[in-house]
Amino acid sequence: MGKTLFEKIWDNHTVEEIDGRTLIYIDRHMVHEVTSPQAFDGLRINKRRVRRPDLTFATMDHNVPTNNRSLPIIDQISATQIKALENNCKEFGIPLFGLDSPHQGIVHVIGPELGITLPGITMVCGDSHTSTHGAFGAFALGIGTSDVEHVLATQCLVLDRPKTFEIRVDGTRKNTHAITAKDIILSIIKKIGTGGGNGTVIEYRGRAISDLSMEERMTICNMSIEAGARAGLVAPDQKTFDYVKGRKYTPKNYDELIQDWRENLKTDENAKFDKSFVINASEIIPQVSWGTNPAMTADVTDVIPSPEEFAKGDASQENAAKKALEYMDLKAGTPIADIRLDRVFIGSCTNARLQDLIEASSVIKGRKVSLNVRAMVVPGSQQVKKQAEELGLDKIFQEANFEWRESGCSMCLGMNPDILARGERCASTSNRNFEGRQGSGGRTHLVSPIMAAAAALTGHFVDVREWV
Amino acid sequence: MAGNVIKYERDNIDTDVILPGTYLKLHDYDEIAKHAMEGIDPNFHARVKKGDFIVAGKNFGCGSSREHAPIALSHCGIKGVLAVSFARIFYRNSVDGAFLLPIEIQEETYKKISDGDELEVDTQKNEVRNVTKNEVYTMKPFSEIVSKIIAAGGLFKYKPD
């Protein structure tokens with residue numbers, strides 16, 4: 001029997017079997033300021049060194065201010081955490097893209113941008129959205145701080161072999177401007193649920209996936225974790241090879257490597273997946289989340305479902321939907337398009353790449369943000385920011401009264417000063433609508449960048465298919 | 001292990017409510033612990049006692065990979081979380097860092113246990129005894145390697161045979 005792409009990568013990286021688990025070699029390790037300090041403390045206490053500093057890359061993103069970087073950081077606790085990463089990188093010899101670096105940015109944006117992310121590799125980071133890098137046909141997974149320490153010390157990780165899950169997206173999107181990768185992945189999570197991918201590595205396949213750009217594939221893989229999957233990946237193709245070519249850390253033997261990638265990094269025709277799910281892209285329209293997990297999502301043309309409709313007989317789901325509506329201060333039966341917004345956030349490792357900003361800017365030219373809305377754009381990296389400014393996108397956003405900021409995780413997780421006030425409602429291009437995620441008492445609706453931009457202009461959700 | 005139950009009748013308790021993002025800046029474990037469960041239960045830190053158990057539904061600990069989540073619970077005195085299922089990273093973090101025991105129970109068991117019940121957990125016999133209700137439930141046994149890591153006191157103390 002043949003093997004799936006994931007199984008091939010797994011077998012290529014198996015060091016040995018231990019007590020029913022597998023020791024897996026890790027090719028690349030990204031480190032950021034929030035989940036690493038205790039790991040470095042552990043190394044110091046035990047007098048260990050970093051085994052492969054040359055395969056480890058660090059940046060600060062979660063906690064960094066997104067306003068003027070020439071000023072000192074006001075929050076002393078944040079400043080201490082950022083300083084700790086600088087000191088740790090210096091002490092252990094790890095390359096760092098610091099606050100003053102032109103390559104600083106969200107780990108999952110800069111990894112691909114710098115050619116650190118490559119097809120066929122294993123990659124980890126102390127961040128659940130590491131699944132993003134699977135867009136290149138890599139096995140990339142999020143880990144906690146103990147495992148960060150383990151990888152720093154050994155360059156290996158002990159893992160259970162996950163099951164394989166094929167998600168096929170057939171057909172083509174009816175409107176490739178208005179219907180985005182975000183709408184595809186939200187539609188998938190809506191159907192399979194937040195635990196639908198538990199214990200599996202997802203391979204996204206099918207015509208509608210092949211049609212996507214690398215940036216769009218990253219959006220899809222990024223949210224694999226929101227379906228509970230360990231990782232998500234897409235088999236590499238010519239688009240992948242073209243993207244990887246000539247970047248800062250792209251290996252010198254790139255030409256040899258692509259021969260190997262082309263021949264080997266695909267699922268064999270006779271391979272079997274443990275599980276399959278099929279969806280047709282022609283049936284997908286713009287999505288808006290209404291609840292407090294990403295599966296609580298509806299078509300923009302829908303009304304908010306009643307807890308009974310949503311739960312379909314599952315008592316705990318009904319209970320969850322009731323609590324969600326209460327937290328979100330929404331009533332069943334309200335049209336999605338009638339939901340009024342206070343804030344709009346275009347950013348995060350899900351949707352803050354150049355293509356996302358181009359798409360968002362396409363609807364705002366010559367218009368203004370609604371007077372009731374405060375809107376901000378936080379580019380995913382300093383490179384994205386620079387490229388966007390070269391295209392004049394900063395002007396388009398600023399003329400429409402969007403704030404144009406420095407790169408970082410920002411309001412995706414509410415660690416830095418970019419947070420929602422209690423009760424504020426936000427259209428957000430991020431990945432999690434959990435209670436309090438964007439600030440205590442804040443209310444998050446997950447949408448695509450173009451949907452967020454349109455919502456900023458009108459002050460409520462609109463079906464962007466009517467605009468583009 | 002014995003203690004009282006703090007029960008949440010919810011699935012998908014995510015790491016953002018277990019420890020909101022704003023506290024990820026903190027380095028001191030006891031400071032982190034003061035904000036445990038703050039997202040859905042601001043009184044948690046005041047009422048939790050050493051040795052207590054959390055009981056919840058499916059997919060406990062989903063979302064972010066922050067190890068601060070099990071750290072926060074453990075430094076409040078929580079010895080184990082009994083849930084119908086766990087999100088993978090939370091489960092791993094709990095075991096690898098030896099912070100608390102992630103104990104998988106059946107849906108019926110989750111329904112039978114009430115807030116405040118006194119429990120005894122016996123991981124040798126894979127039993128959960130409800131002292132208050134005088135009932136005994138089974139827990140899902142840990143896998144071989146998880147048992148060994150727990151017995152060793154965490155991933156770094158564990159040595160393969």
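If you're wondering where the values come from, they're calculated on a predicted model, not measured in any experiment. (Residues numbered from 1 in each chain as written. Chains lettered and ligands numbered in written order. Predicted model: local features only at pLDDT ≥ 70, side-chain atom pairs only at ≥ 80, totals over all residues.)

When its secondary structure is counted, chain A shows 16 helices and 19 strands. Taking 468 residues into account, the globule formula puts the C-alpha radius of gyration at 23 Å, and chain A, at 21 Å, falls close to it. If one aligns the C-alpha atoms of chain A with their principal axes, the spans along those axes are about 55 × 55 × 45 Å. Looking at chain A residue by residue over its 468 residues, the buried ones come to 57%. When contacts within chain A are restricted to residue pairs at least 6 apart in sequence, long-range pairs at least 24 apart make up 77% of them. (Helix = DSSP H or I, 4+ residues; strand = E, 2+ residues; numbered from the N terminus. Rg over C-alpha atoms; globule rule 2.2 N^0.38 Å. Buried ≥ 20, exposed ≤ 12 C-beta atoms within 10 Å, placed from the backbone. Contact = placed C-beta atoms within 7 Å.)

Our next topic: the confidence of the model for chain B. Note that predicted coordinates carrying low pLDDT should not be read in detail. In this model, chain B carries a mean pLDDT of 96, and residues with pLDDT of at least 70 account for 100%. The ipTM for the predicted assembly is 0.94, set against a pTM of 0.97. (pLDDT = per-residue confidence, 0-100.)

The next thing to look at is the environment of A178 of chain A. All names here are of chain A. Assignment of secondary structure puts A178 in the loop between β9 (163-170) and α6 (181-192). The exposure class assigned to A178 is buried, which follows from the 23 C-beta atoms found within 10 Å. Counting along the chain gives 270 residues from A178 to S448, while the straight-line C-alpha distance between them is 8.9 Å. Once residues within four sequence positions are removed from consideration, A178 is found in contact with P286, I450, V464, R465 and V468.

Right, let's talk about helix α3 (residues 76-92) of chain A for a bit. For an α-helix, 3.6 residues make a turn, and residues three or four places apart therefore share a direction. All names here are of chain A. Here α3 is 17 residues long and its end C-alpha atoms lie 24 Å apart, about the 24 Å a rise of 1.5 Å per residue gives. Buried within α3 we find S78, Q81, I82, L85, N88 and C89. Each buried residue of α3 lies within a common arc of 120° when the element is viewed along its axis, so the set occupies one face. Exposed residues lying more than 90 degrees from the buried face of α3 are Q76, N87 and K90. In this fold, the buried residues of α3 make contact with α2 (37-45), β4 (56-59) and β5 (96-97). Following α3 by one or two positions, G93 has its phi on the positive side, about 75°. (Expected span 1.5 Å × (residues − 1). Arc of directions from axis to C-beta.)

Within a beta sheet, neighbouring strands are joined by backbone hydrogen bonds and run either parallel or antiparallel to one another. Residue and element names in this part refer to chain A. Overall, parallel pairing links the four strands, which are arranged β11-β10-β9-β12 in an open sheet. Two strands in the sheet have a free side with no partner beyond their single neighbour: β11 (231-233) and β12 (275-280). With strand direction ignored, the average angle separating the axes of adjacent strands in the sheet is 20°. Examined bridge by bridge, strand β10 (residues 200-205) and β11 share three bridges and lie parallel to one another. Along β11, the bridge assignment pairs I202 with G232. Packing of α6 onto the sheet brings it into contact with β9 and β12, and relative to β12 it is tilted by some 125°. (Pairing = 2+ DSSP bridges. Axes fitted to C-alpha atoms, helices over the stretch in contact; angles between N-to-C directions.)

Glancing now at the interface of chain A and chain B. If you look at the interface, chain A gives 39 residues, while chain B gives 38 residues. A per-element tally of the side of chain A that touches chain B places helix α5 (residues 145-154) of chain A first, with four residues. Grouping the constituent residues of the side of chain A that touches chain B by class yields nine nonpolar, 22 polar and eight charged. (Nonpolar A, V, L, I, M, F, W, Y, C, P; charged D, E, K, R; others polar.)

Once that is clear, we can look at the packing of α6 of chain A against helix α8 (residues 214-222) of chain A. Residue and element names in this part refer to chain A. At a minimum axis distance of 8 Å, the contact between α6 and α8 shows a crossing angle of 25°. Between α6 and α8, the interaxial angle falls into the category roughly parallel. Like other packed secondary-structure pairs, α6 and α8 cross with a definite hand, here right-handed. Across the interface between the two elements, A181, K182, I184 and I185 from α6 touch E216, T219 and I220 from α8. (Parallel < 35°, antiparallel > 145°, perpendicular 65-115°, else oblique. Left-handed = near helix turned anticlockwise from the far one by under 90°.)

Of all nine residues in α8 of chain A, eight are buried, a share of seventy percent or more. Those residues of α8 of chain A not exposed but buried are E215, E216, R217, M218, T219, I220, C221 and N222 of chain A.

Each regular strand shows side chains that alternate between the opposite faces of the sheet. Residues and elements named next belong to chain B. Judged by which residues are buried, strand β3 (residues 80-83) turns out to be covered on both faces: G80 and L82 on one side and V81 and A83 on the other are all buried. Inspection of the sheet shows strand β2 (residues 53-56) paired to β3 by four bridges, in the parallel sense. Paired with V55 across the bridge in β3 is L82. Crossover connection from β2 via helix α4 (residues 68-74) to parallel β3: handedness right-handed. Bridge analysis of β3 against strand β4 (residues 101-104) gives four bridges, and the strand direction is parallel. The partner of L82 across the bridge, within β4, is I103. For the crossover that starts at β3, traverses helix α5 (residues 88-96) and ends in the parallel β4, the hand is right-handed. (Right-handed = clockwise from strand over helix to strand, strands pointing away.)

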